[in-house]
Amino acid sequence: MDFADGALSAFRAVFASGLVLSSLYVMIAAGLALVWSTLGIFNFAHGAIMVIGAYVAWTVSIDLGLGQVAGLVAALAASALIGVAVNRLLVQPFLAQPNIILITVMTTLSGAFFLENSALLIWGPRIKQLEKIVDGNVFLAGTAISGHEAVIIVVAPLMMLALWAFLRFSWTGKAIRAVAQNREFAELSGIRPERMYAIAFAISAALAGFAGVMLGAIRFITPTLGADPLIKAMIVVILGGLGSIPGTILGAYLVGFGEAVSTYFLGAYWTQAMMFFVFILILVIRPNGLMGRE
Amino acid sequence: MTRTLVFPALFFGALALLPLMTDDSYVRHIAIIALLYAVVVSGWNITLGFGGVFNFAHLALFAIAAYATGILTKTYDWPSWTGIPVGIGASVIAALVVCLPVLRLRGIYVILVTFGFGQLCFQFVLNQRELTGGNFGFVRIPPLKLFDYSFRSDGGIGYYYVALLLLLITVVLIHRFVHSPFGWRVMALRENEPYAVARGIALARVRLSTFAFSAIFPGAAGAVYAQYVRSASPDMFGFSFLTIALSMLLLGGVGTIWGPIVGALVFSVFSELMTPLGPGRYLVTAVVIVAILRFFPKGLSGIPEAWQTWRKRAHAGRDVAPQP
């Protein structure tokens, strides 16, 4: 009886925290996957863009006191803008080079370094936190989680649905996929690849900015807040098979729940080591991801 | 032959005389760190530059060597002279372990798996707090000592010469590597892997040897670093350390013997000159990396070549000009 109760409450706690983690990872990883599938590059500045989003939201909503909606809008605009700048300055000039993958790893790493230290210069080393979107608690499967976390859980799948619908049905979404599949042919059909790259980057960065605003209310904002989520998103994207949106969603929920289960049973420290071990294992056994094809 | 030795002789001669010119402890500290960086980055150049393998675990090898040296000489009371062999051993073993998954992968996957390895080590260091000191780093590592002479005395001059000697050995080894059949195989795999394999080069064996060879340098430098600053910190696995080493390599020029060395020394000096800028200097660093990649992909080592083409063009211009 006691054992059953214990197991049930453990399950509930794991379920709730796993759901929150998964939802955060899905938002961050989707942007990474979008850029990978469109341009074939890995954006190491993705986590830093997320942090800038959180800081901008803090400045607008708390420092200037303009409210949360203004903060969110400003964060989305700022991160999308940075995404476009990253694409223009760090990716586009190198696209013609043969070892583009390595070069863009280096340029986007420098970009991340630049953004992190800019954040340190602008906002200083003191930690900050955003206000939660909704107050109060919600009961999920018998466990209390904050209303803010409930919003994250609900919004993340909706955003993925919107992203999927956008890529599937809208002209721009189709054009982005066309450029990803065959740049020359897309160009012949009157699509401007540079513009599609810029749009893909802007959407990806805005997703990161949104995730930053969500994360900024449950964790403390520091210039290096983005490093850990970026690495988790990398694991998600690899697990899901580089670039596929459904794969990324599956990957995010696997990683999120896996992390929650492992944290419960093995503790936070072993979980992190464990995740990288699994990550390397997957890379070696199935480099194309769980759902990837040769 | 004699002509090719002039530059190295002048270079090492000048560095050997540096302590006679100044005994300022700040200058000496910067010089020691810069020399160790030069050794580490030269080692990275073997896999990344000559081998063309996107190995992002190299700085983790440096950190592993520092931790291994620290733990064995402090916790397990090994004599301090074992530091360098221990560092090299740990680094080479770790490099072979990383290389195993790399054998099966290419492109972005190599970057991700080597990067993931560094993160795995980082998490392990945080995790094993009793062994490694966790977040706070592993501190109070015993300094290097030989026959009752502590290398801390005389303003750390001993460390300076140890680091300089390491760099000299590095240059000699890499020079021999570049002109050896082994080196040719490594570069052949970089230039055209299918063709090289078709000509009978054993990919797995050559790649494993490349990783093991390149790991010697961060191994030795990591050990000396740990014994010199007397601590090893988890930050050594981080992004910013990686970025700094990468910019040294790019600044000097990838795939040349002297490029990474000159890059490391020049970068260290500039980085110190920029200290008053605070975090601003990292912004400059980031911009410099991108600018080099964009406009001078060969780095500083491309300057002589650029100078020669410029001179040729100037010559040609003069020859052509008088004609109507």
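Residues numbered from 1 in each chain as written. Chains lettered and ligands numbered in written order. Predicted model: local features only at pLDDT ≥ 70, side-chain atom pairs only at ≥ 80, totals over all residues.

(A) Representation of the overall build of chain A. Secondary structure assignment for chain A yields eleven helices and two strands. Starting at the N terminus and ending at the C terminus, chain A contains elements arranged as α-α-α-α-β-β-α-α-α-α-α-α-α. For 294 residues, the compact-globule formula gives about 19 Å, and the C-alpha radius of gyration of chain A, at 19 Å, lands near that figure. Here the C-alpha coordinates of chain A stretch approximately 70 × 50 × 35 Å along the principal axes. Relative to all contacts within chain A whose residues are 6 or more apart in sequence, the contacts with residues 24 or more apart total 73%. (Helix = DSSP H or I, 4+ residues; strand = E, 2+ residues; numbered from the N terminus. Rg over C-alpha atoms; globule rule 2.2 N^0.38 Å. Contact = placed C-beta atoms within 7 Å.)

(B) Inspection of the overall build of chain B at higher detail. Helix and strand counts for chain B come out as 14 helices and four strands. Computed over the C-alpha atoms, the radius of gyration of chain B is 21 Å, within 12% of the 20 Å expected from 2.2 N^0.38 for a compact globule of 324 residues. Reported as C-alpha extents along the three principal axes, the dimensions of chain B are approximately 80 × 55 × 40 Å. A buried classification covers 48% of the 324 residues belonging to chain B. (Buried ≥ 20, exposed ≤ 12 C-beta atoms within 10 Å, placed from the backbone.)

(C) Representation of helix α5 (residues 147-169) of chain A within the structure. A rise of 1.5 Å per residue sets the reference length of α5(A), with its 23 residues, at 33 Å; its end C-alpha atoms lie 33 Å apart and thus fit the reference within 8%. Taken together, the buried positions of α5(A) are occupied by A:H148, A:E149, A:A150, A:I152, A:A156, A:M160, A:L163 and A:L167. (Expected span 1.5 Å × (residues − 1).)

(D) Quick look at the nonpolar core. Judged by nonpolar contacts, the single largest core of 212 residues is most densely connected at A:A29, A:A54, B:A163 and B:V224. Counting residues per element, this core draws most heavily on helix α1 (residues 2-39) of chain A, which supplies 18 residues. (Core = buried A, V, L, I, M, F, W, Y, C linked by C-beta atoms within 7 Å.)

(E) Representation of the interface of chain B and chain A within the structure. Listed by partner, the interface residues are 32 residues for chain B and 34 residues for chain A. Every element with two or more residues in the side of chain B that touches chain A is listed here: α4 (83-104), α5 (108-127), α11 (239-252) and α13 (280-295) of chain B. In terms of residue count, α5(B) provides more of the side of chain B that touches chain A than any other element does, 13 residues in total. The residue makeup of the side of chain B that touches chain A, split by class, is 21 nonpolar, nine polar and two charged. (Nonpolar A, V, L, I, M, F, W, Y, C, P; charged D, E, K, R; others polar.)

(F) Representation of the packing of helix α2 (residues 25-50) of chain B against helix α10 (residues 203-229) of chain B. All names here are of chain B. Running from N to C, α2 and α10 point in directions that differ by 165°, and their axes come no closer than 7 Å. When the interaxial angle is binned, α2 and α10 end up roughly antiparallel. The two elements α2 and α10 meet at a crossing, and its hand is left-handed. For the pair α2 and α10, contact is made by I32, L36, V39, V40, S42, G43, W44, I46 and T47 and by T210, F211, F213, S214, I216, F217, P218, A220, A221, V224, Y225 and Y228, respectively. Its residues assigned to classes, the contact of α2 with α10 shows 16 nonpolar, five polar and no charged. (Axes fitted to C-alpha atoms, helices over the stretch in contact; angles between N-to-C directions. Parallel < 35°, antiparallel > 145°, perpendicular 65-115°, else oblique. Left-handed = near helix turned anticlockwise from the far one by under 90°.)

(G) Inspection of the environment of A:G256 at higher detail. Residue and element names in this part refer to chain A. Relative to the elements of secondary structure, G256 occurs in helix α10 (residues 245-266). Sequence-wise, G256 and S22 are 234 residues apart; in three dimensions their C-alpha atoms are separated by 4.0 Å. Those residues in contact with G256 that sit more than four places away from it in its chain are G18, L21, S22 and Y25.

(H) Representation of helix α8 (residues 181-191) of chain B within the structure. Residue and element names in this part refer to chain B. Those residues of α8 not exposed but buried are R185, V186 and L189. For α8, the angular spread of buried residues about the axis comes to 100°, placing them on one side. Every exposed residue of α8 that faces more than 90 degrees away from the buried side is listed here: P181 and E191. As for α8, its buried residues are in contact with α2, α9 (193-198) and α10. (Arc of directions from axis to C-beta.)

(I) Inspection of unusual backbone geometry at higher detail. Residue and element names in this part refer to chain B. Within the chain, R140 stands out as a residue other than glycine whose phi angle is a positive 55°. Here R140 shows up in the loop between β1 (138-139) and β2 (145-146). On the neighbour-count criterion, R140 (10 C-beta atoms within 10 Å) is exposed. A positive phi angle, near 65°, is found at R230, a position not held by glycine. With respect to the helices and strands, R230 occurs in the loop between α10 and β4 (231-232).

(J) Region of interest: the packing of helix α3 (residues 68-91) of chain A against helix α4 (residues 100-123) of chain A. Residue and element names in this part refer to chain A. It is at 10 Å that the axes of α3 and α4 come closest, and there the two elements cross at 130°. Considering their axes alone, α3 and α4 lie oblique with respect to each other. The hand of the α3/α4 crossing is right-handed. Note on element contacts: α4 touches α3 through T104, T107, T108 and G111, opposite V86, L90 and V91. Counted by class, the contact of α3 with α4 contains three nonpolar, four polar and no charged residues.

(K) Region of interest: the environment of B:A306. Here B:A306 shows up in helix α14 (residues 303-320). In sequence terms B:A306 and B:F296 are ten residues apart; their C-alpha atoms lie 9.9 Å from each other.

(L) A look at the confidence of the model for chain A. Confidence along chain A averages 87 in pLDDT terms, with 96% of residues attaining 70 or more. Mean pLDDT across the elements of chain A bottoms out in strand β1 (residues 137-140) of chain A (78) and peaks in α3(A) (95). (pLDDT = per-residue confidence, 0-100.)

(M) Region of interest: the confidence of the model for chain B. All names here are of chain B. Taken residue by residue, chain B gives an average pLDDT of 86. The fraction at 70 or more is 95%. Of all the helices and strands in chain B, strand β3 (residues 149-150) carries the lowest mean pLDDT, 71, while α10 carries the highest, 93. Quick note on the complex model: pTM equals 0.86, ipTM equals 0.84.

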